[in-house]
Amino acid sequence: MEEVSVAPSVGVLRMCLFLKLISNLNLTEGLTLGSPIHIFVPNTDQRGKDYSELALAYRPSHADATYDFKYGIRAVQGGGRSSARETIGRVAAGAVAKKILKMLGTEVLAYASQVHKVVLPEGIVDHETLTMEQIESNIVRCPDPEYAQKMIEAIDAVRVRGESIGGVVTCIARNVPLGLGQPVFEKLGAELAKATLSVPATMGFELGSGFAGTFLMGSEHNDEFYVDPNGKIRTKTNRSGGIQGGISNGEIINMRIAFKPTPTIGKKQRTVTRDREETELSAMGRHDPCVVPRAVPVVEAMAALVLVNQLMAQKAQNELLPFASPLQEPIPTVAPLNHV
């Protein structure tokens with residue numbers, strides 16, 4: 001069986017791309033200077049001719065048509081901003097955000113939890129002990145080896161037919177400080193939804209119990225409180241997904257993001273041209289049969305960026321004046337590092 005075309009380099013970007021490509025003018029002795037970090041990623045393997053047919057006809061369910069509707073012009077070769085290539089900037093910035101979060105003991109992890117009809121059973125992944133090594137142990141970024149192989153086979157099966165499939169990325173954040181998020185306009189869940197739904201090919205967002213929670217009664221869905229041995233107020237369950245009232249409650253933040261099948265496929269489809277003529281189109285070139293494995297580090301990066309933004313807001317707004325209650329907790333103070 002051929003290996004599915006999933007670039008492992010995207011995963012490497014999580015931790016070290018920005019270190020390799022950063023401008024020396026923004027660092028000294030391994031420390032940032034406070035000036036903007038410049039990251040330049042040249043595309044050395046362009047194949048513009050693969051997009052020649054797309055100059056005339058619109059790919060069904062792709063942004064080709066809507067970009068023309070809005071701007072009257074679009075980047076045919078490569079797709080411009082509608083291409084997932086733009087996510088490389090998100091992942092690089094997310095790597096910086098993750099380093100900041102790590103200083104506070106907060107960790108963000110994402111993984112493939114569904115590819116088409118291959119779905120990880122609930123509870124098979126322990127979010128308390130999940131590691132990056134488990135996720136990156138295979139090309140689909142699924143922490144369970146058995147289901148990872150099933151996902152690989154599902155992707156390979158549609159690839160040879162010129163088809164595509166979608167799936168779901170699950171993202172968690174552990175040890176998130178209490179109190180992140182705003183009560184109305186910048187609810188933490190809403191900010192996470194906005195950020196992750198800005199990623200290309202996303203179709204849905206769930207937090208905690210998500211849509212499944214609509215089948216429960218209030219007494220079944222409520223997360224009952226208790227006081228742990230350290231005197232902290234905790235919840236016995238986590239159907240809220242670590243966020244209540246738009247504010248983090250200290251439990252693991254748990255969200256799921258749905259991705260549609262890649263719209264650019266080799267199978268012939270009916271469409272229209274820019275001149276409003278009906279035609280048929282089968283796309284050429286290199287296109288992923290499933291975006292889910294590549295989307296994992298992108299979702300992770302967007303979640304990290306949101307948490308850092310909310311962290312700065314919490315530090316600036318809520319710690320400006322003395323706390324009014326012992327229930328409030330300050331953001332942990334971080335010891336200086338040798339290098340960022």
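Residues numbered from 1 in each chain as written. Predicted model: local features only at pLDDT ≥ 70, side-chain atom pairs only at ≥ 80, totals over all residues. Heavy atoms only, no water.

- The name recorded for the protein in an unreviewed UniProt entry is chorismate synthase, from Rhynchospora pubera.
- If you open the UniProt record of the protein and go to Pathway (unreviewed entry), you find "Metabolic intermediate biosynthesis; chorismate biosynthesis; chorismate from D-erythrose 4-phosphate and phosphoenolpyruvate: step 7/7."
- Listed under Sequence similarities (unreviewed entry) in UniProt, the entry text for the protein is "Belongs to the chorismate synthase family." (UniProt positions renumbered as here; feature names shortened; annotations may be inferred.)

Concerning empty space enclosed by the protein
Now for step 1: Within the structure shown, the criterion is met by four cavities of 30 Å³ or more.
Now for step 2: For the largest cavity, the calculated volume is near 40 Å³.
Now for step 3: Lining the largest cavity, in full, are Arg59, Pro60, Pro263, Thr264, Ile265, Lys267, Gln269, Leu281, Ser282 and Ala283.
Now for step 4: Its residues placed into classes, the lining of the largest cavity shows five nonpolar, three polar and two charged. (1 Å grid on protein atoms, 1.4 Å probe; cavity = no way out; pocket = protein on both sides within 12 Å on 5 of 7 lines; lining within 4 Å. Points joined across faces, edges and corners; volume = space filled by probe spheres on them. Nonpolar A, V, L, I, M, F, W, Y, C, P; charged D, E, K, R; others polar.)

Quick notes on the packing of aromatic side chains
Now for step 1: Counted according to the given criterion, the structure contains one aromatic pair.
Now for step 2: With a centroid separation of 6.1 Å and 70 degrees between ring planes, the pair formed by Tyr67 and Tyr71 is classed as edge-to-face. Of the two residues, Tyr67 and Tyr71 both sit in helix H2 (residues 64-71), four residues apart, roughly one turn of that helix.
Now for step 3: A cation sits over an aromatic face here: Lys150 above Tyr147, 4.4 Å from the ring centre. (Phe/Tyr/Trp six-rings, centres within 6.5 Å; stacked < 30°, edge-to-face > 60°. Helix = DSSP H or I, 4+ residues; strand = E, 2+ residues; numbered from the N terminus. Lys NZ or Arg CZ within 6 Å of the ring centre and 35° of its normal.)

Focus: a nonpolar patch on the surface
Now for step 1: Where nonpolar side chains cluster on the molecular surface, the patch consists of Phe225, Val227, Ile233 and Leu327 and spans about 450 Å² of accessible area.
Now for step 2: Within the element layout of this structure, Phe225 appears in strand E7 (residues 225-227). (Patch = residues over 30% accessible without salt bridge, like charges linked within 9 Å, V, L, I, M, F, W, Y side chains within 5 Å. Areas by Shrake-Rupley, 256 points an atom, 1.4 Å probe, with all protein chains shown as cover. Salt bridge = Lys/Arg side-chain N within 4 Å of Asp/Glu carboxyl O.)

What to know about the nonpolar core
Now for step 1: Leu192, Ile253, Phe259 and Leu307 are the most contacted members of the largest nonpolar core, which has 59 residues in total.
Now for step 2: Looking at this core, the elements with two or more residues in it are helix H3 (87-103), strand E3 (107-115), helix H4 (132-135), helix H5 (145-159), strand E5 (167-174), helix H6 (188-197), strand E11 (253-259) and helix H8 (292-318).
Now for step 3: Here this core takes 12 residues from H8, the largest share from any one element.
Now for step 4: Setting aside its immediate chain neighbours within four residues, Leu307 contacts Leu101, Val108, Ala173, Val176, Leu180, Leu188 and Ile253. (Core = buried A, V, L, I, M, F, W, Y, C linked by side-chain atoms within 4.5 Å. Buried < 20%, exposed > 50% of the residue type's maximum accessible area, 1.4 Å probe, protein only. Contact = heavy atoms within 4.5 Å.)

Brief notes about the pairing of strand E12 (residues 269-272)
Now for step 1: Pairing of E12 with strand E13 (residues 278-281) involves four bridges; the strand directions are antiparallel. Looking at the pairing, Gln269 lines up with Leu281 of E13.
Now for step 2: Connecting E12 to the antiparallel partner E13 that follows it, the hairpin turn spans five residues, and Arg276 within it adopts a positive phi of roughly 70 degrees. (Pairing = 2+ DSSP bridges.)

Things to note about the pattern of salt bridges
Now for step 1: Counting across every chain of the model gives 19 salt bridges.
Now for step 2: In this structure, Arg90 engages Glu86 in a salt bridge whose closest nitrogen and oxygen atoms are separated by 3.0 Å.
Now for step 3: Judged by its relative accessible area of 28%, Glu86 is partly exposed.
Now for step 4: The salt bridge partner of Arg270 is Glu280, with a shortest N-O separation of 3.8 Å. Placement of Arg270 in strand E12 and of Glu280 in strand E13 is noted, with a sequence separation of 10 residues between them.
Now for step 5: On the basis of relative accessibility, which here comes to 52%, the residue Arg270 falls in the exposed class.

Observations concerning the sheet that holds E5
Now for step 1: Pairing is antiparallel in the open sheet, where five strands are placed in the order E4-E3-E5-E11-E6. Only two strands of the sheet have a single neighbouring strand rather than two, namely strand E4 (118-119) and strand E6 (202-207).
Now for step 2: Summarising the sheet, E5 and E11 pair through seven bridges and their orientation is antiparallel. The residue of E11 that forms the bridge with Ala173 is Ile253.
Now for step 3: Packing of H5 onto the sheet brings it into contact with E3 and E4, and relative to E3 it is tilted by some 55 degrees.
Now for step 4: Relative to the sheet, H8 contacts E3, E5 and E11, its axis offset from that of E3 by approximately 145 degrees. (Axes fitted to C-alpha atoms, helices over the stretch in contact; angles between N-to-C directions.)

So, the packing of H3 against H8
Now for step 1: Taken N-terminus to C-terminus, the directions of H3 and H8 make an angle of 50 degrees; their axes are 7 Å apart at the nearest point. Considering their axes alone, H3 and H8 lie oblique with respect to each other. At the point where H3 passes H8, the crossing takes the left-handed sense. The segment H3 lies against H8, with Thr87, Arg90, Val91, Ala93, Gly94, Ala97, Lys98, Ile100 and Leu101 engaging Pro297, Val298, Glu300, Ala301, Met302, Ala304, Leu305, Leu307, Val308 and Leu311. (Parallel < 35°, antiparallel > 145°, perpendicular 65-115°, else oblique. Left-handed = near helix turned anticlockwise from the far one by under 90°.)

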